[in-house]
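For reference, the chains in residue letters:
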Amino acid sequence: MISSITSFNYKTTTPTPSNSPTFSFHGNIVQYCYMPKKKMPLSLFASPKAPSFFTITRAGNTKSSGKGALELLEPFLSFFSTSMFNFINPPLHPSVDPNHVLTGNFAPVDSELPPTGCPVVEGELPQSLNGTYIRNGPNPPRHPHGPHHLFEGDGMLHAIKLSDGQATFCSRYVKTYKYDLENNHGFPIFPNILSGFYSVMDLSRCAIAMCRVLKGQIDPKKGFGLANSSVSLFANNLFALGESDLPYAIRLTEDGDIETIGRHDFDGKVFINMTAHPKVDPETGEAFAFRCSPIPPYITFFCIDKKGSKQEDVPIFSMVNPTFVHDFSVTKQYIVFSESQLEINPLKLLMCKGMPVMAEPDKVPRIGVLPRHASMATGIRWLEAAGFNAMHVINAWGEEDNEEIILVAPNAISIENLFQNIEKVHFSLEKVRINLRNGSVTRTTLSEKNLELGSINPSYMGKKNRYGYMGVGEMIPKMSGVVKIDLELECEVSRRVYGDGCFGGEPMFVAKDAAVEEDDGYIVTYMHDENNGVSSFVVMDAKSQTLDVVAEVKLPRRVPYGFHGLFVKDGDIRKIK
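Residues numbered from 1 in each chain as written. Predicted model: local features only at pLDDT ≥ 70, side-chain atom pairs only at ≥ 80, totals over all residues. Heavy atoms only, no water.

Undergrad: So what exactly am I meant to see when it comes to the sheet that holds strand β9 (residues 131-135) here?
TA: Two strands in a sheet stick together by hydrogen bonds in their backbones, pointing the same way (parallel) or opposite ways (antiparallel). Pairing is antiparallel in the open sheet, where 5 strands are placed in the order β7-β11-β10-β9-β39. At either margin of the open sheet sits one strand with a lone partner, and together these are β7 (113-118) and β39 (565-569). For this sheet the average axis-to-axis angle between neighbouring strands, irrespective of direction, equals 15°. Bridge count between β7 and strand β11 (residues 166-173): 4 bridges; the pairing is antiparallel. Among the inter-strand pairings, Cys118 is bridged to a residue of β11, identified as Ala167. (Pairing = 2+ DSSP bridges. Helix = DSSP H or I, 4+ residues; strand = E, 2+ residues; numbered from the N terminus. Axes fitted to C-alpha atoms, helices over the stretch in contact; angles between N-to-C directions.)

Undergrad: Any chance you could explain the packing of aromatic side chains here in plain terms?
TA: What describes a pair of aromatic rings is the distance from one ring centre to the other and the angle between the planes of the rings. Counting across every chain of the model gives 18 aromatic pairs. Judged by centre distance (5.5 Å) and plane angle (85°), the ring pair of Phe290 and Phe337 falls under edge-to-face. With Phe290 in strand β17 (residues 287-292) and Phe337 in strand β21 (residues 334-339), this pair connects stretches of sequence that are 47 residues apart. Accessibility expressed as a relative area gives 1% for Phe290, which makes it buried. Classification of Phe337 by relative accessible area gives buried; the value is 0%. Ring geometry for Tyr526 and Phe537: centres 6.0 Å apart, planes at 65°, overall edge-to-face. (Phe/Tyr/Trp six-rings, centres within 6.5 Å; stacked < 30°, edge-to-face > 60°. Buried < 20%, exposed > 50% of the residue type's maximum accessible area, 1.4 Å probe, protein only.)

Undergrad: For this particular structure, what's the right way to read the environment of Phe427?
TA: For Phe427, the position within the fold is in strand β28 (residues 426-435). The sequence separation of Phe427 and Glu448 amounts to 21 residues, and the corresponding C-alpha distance is 9.0 Å. The contact partners of Phe427, leaving out residues within four places of it in the chain, are Pro410, Asn411, Ala412, Leu418, Lys449, Asn450, Leu451, Glu452 and Ile476. (Contact = heavy atoms within 4.5 Å.)

Undergrad: How should the environment of Lys307 be read in this particular structure?
TA: Relative to the elements of secondary structure, Lys307 occurs in the loop between β18 (299-304) and β19 (314-316). Under the relative-accessibility criterion, Lys307 is labelled exposed at 68%. Along the primary structure Lys307 and Asn237 are separated by 70 residues, whereas in three dimensions their C-alpha atoms are 9.8 Å apart. Apart from residues lying up to four places away in sequence, Lys307 is in contact with Ala235 and Lys577.

Undergrad: Is there a simple way to think about helix α4 (residues 177-185) in this case?
TA: Those residues of α4 that fall on the buried side of the exposure criterion are Tyr177, Lys178, Tyr179, Leu181 and Glu182. Positive phi shows up at Gly186, right after α4, with a value of about 85°.

Undergrad: Can you help me understand the confidence of the model for the protein in this one?
TA: On average, residues of the protein score 87 in pLDDT, and 84% of them are at 70 or above. A low-confidence stretch, residues 1-32 stays under pLDDT 50, and its non-local contacts, those more than four residues away or across chains, total 93 contacts. Throughout residues 34-67 the model reports pLDDT below 50, and contacts reaching past four residues in sequence, or to other chains, amount to 101 contacts. (pLDDT = per-residue confidence, 0-100.)

Undergrad: I keep staring at the pattern of salt bridges and nothing clicks. Help me out?
TA: Think of it this way: side chains of opposite charge can pair up when their charged atoms draw near. Throughout the structure, instances matching the rule amount to 34 salt bridges. Note that Asp281 and Lys332 form a salt bridge whose closest N and O atoms lie 3.2 Å from each other. Highlighted residues: Asp281 in the loop between β16 (279-280) and β17 and Lys332 in the loop between β20 (328-330) and β21, separated in sequence by 51 residues. Through salt bridges with shared partners, one network takes in Asp281, Glu283, Glu286, Lys332, Arg372 and Lys463. (Salt bridge = Lys/Arg side-chain N within 4 Å of Asp/Glu carboxyl O.)

Undergrad: I keep staring at the pairing of β21 and nothing clicks. Help me out?
TA: Where a strand is regular, its side chains alternate between the two sheet faces. With 5 of 6 residues buried, β21 lies mostly within the body of the structure. Pairing of β20 with β21, which is carried by 3 bridges, proceeds in the antiparallel orientation. Opposite Phe328, over in β21, you have Phe337 as the bridge partner. Looking at chain direction, β21 and strand β24 (residues 366-371) are connected through 6 bridges and run antiparallel. Counted as the bridge partner of Val336 is Val369 from β24.

Undergrad: Honestly, the sheet that holds β20 in this entry has me stumped. Any pointers?
TA: Spatial strand order, β20-β21-β24-β25: 4 strands in an open sheet with antiparallel pairing. Edge strands, defined here as strands with exactly one partner in the open sheet, are β20 and β25 (381-384). Adjacent strand axes in the sheet meet at a mean angle of 20° when their direction is disregarded. Summarising the sheet, β24 and β25 pair through 4 bridges and their orientation is antiparallel. Within the sheet, the bridge partner assigned to Ile367 lies in β25 and is Leu383.

Undergrad: Please clarify how unusual backbone geometry should be interpreted in this entry.
TA: Of all residues except glycine, most have a negative phi; of all peptide bonds, most are trans. Note the cis peptide between Pro296 and Pro297, where omega equals -10°. Turning to its location among the elements, Pro297 is positioned in the loop between β17 and β18. Here the phi dihedral of Ser414 falls at roughly 60°; this positive angle occurs in a residue that is not glycine. Its place among the elements puts Ser414 in the loop between β27 (404-413) and β28. Looking at Ser414, the relative accessible area reads 30%, which means it is partly exposed. Despite not being glycine, Leu453 shows a phi value in the positive range, around 50°. Inspection of the secondary structure puts Leu453 in strand β30 (residues 451-455). Of the residues examined, Leu453 reaches a relative accessible area of 4% and is grouped as buried.

Listed below in structure tokens is the structure:
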């Protein structure tokens, strides 16, 4: 009996194909062999003797090292979790099966792309539209060994610089601590958490990562986030964000390149993580944010002033369930949180019961209203809003002497499908009226279409605005078109459908420099034609009845579907630290 495995030879052999693993014994050597159909045959040799080194061989390539047992386990686990996957793991749900998730234009591109000039193939880029559109999204640099969800994968920024009618495109990874560590090692080190654990192999990957922490090979204080969700500009810093970590400061160069400056903790005053959707007041320069946690306090609110100084935390203990909160809203007087039916349960990981975030069908959603500059959360009011599950917020503002709050947000119908069958979720854009006098909440549906990933004129954040620009969902974040919603008339007033096989992402409104009216500007987005595999950058006229295409730029390669972006004007770029 082998009490411990201390030496490996990992190499190709030519066994007879078989649907079952085989073992053979040769003295002190145990040979394991498994050759699934149409996959590379693999053999593992283990010896109970304890040499001071181990050997890994693949296709005749041998390397020796004295790194010890922990490093020894890594190639074994890699082998075990790929070659043995078909018969020791239960079949994965398509939502977390990387062979299903990472297909079509959801598949990652295989490398970064330095600044590259792009031709304008339709219309002309407005001479006054000078700046950089930069969009974030997941792009795993190597094929995952285990479960993988659409929302996971290292963040890659796709930026197009516009200058005097010319366009330059660039794609760069956000150089997070996780990305750099795994890039240096050449294989995944951190297990995917959102996709969940389903077998002993998933727990084993987590256990090995914990061993690396104990050995000092991983520093948990440096975070392990993906920075793959959004881009935000505040306190003269440009950030790439993901809600499982702190933001990463980035820089745009004059030639259109993207550089990662590093993880930003605001002089050590922001801990662990923060939302990927901070709200920036265009008049005061303040940024409002929160962090979500699986342990109390489940929500902690804080403010960062225009100089980048973080104010004191405001923990909200009156949220008594570990709710997954992705976004929130800010008015001139209040902070508004939407407590949905989604809850975080880390025990599901330890029990191999799948994803740690699931919907609780018996829970009644609530809306929490907190004074904007509260130093304590004792003044928060919670109002029940049955059936209202908002993942994103378009805008909010006060009315009737701030005795009422108007909240505009897509409501996720059938939220229990959000992570496992997102194509079954209908996002109903709603206008919610919160009456602070009598505690009532009334809702009006603004469109019957499946609408998500929207934007407004950013100068209207937190105050009354008339227009919202929403993506028409095919399968979020894959959008088949864009609509313009009149929030005053409470109806759709303009639309554009991209065409058969053509899909875009979040429509981003960009105001003209000399804009007088709220909708005087452009809508920009990346678009992909699945018929020919070509991606483009599209500029639309936000005031026109059919959102006419002003210009289309052909990109030098495919841009995968992703999440949130930002248009940064040249004047703001020059202010970035």
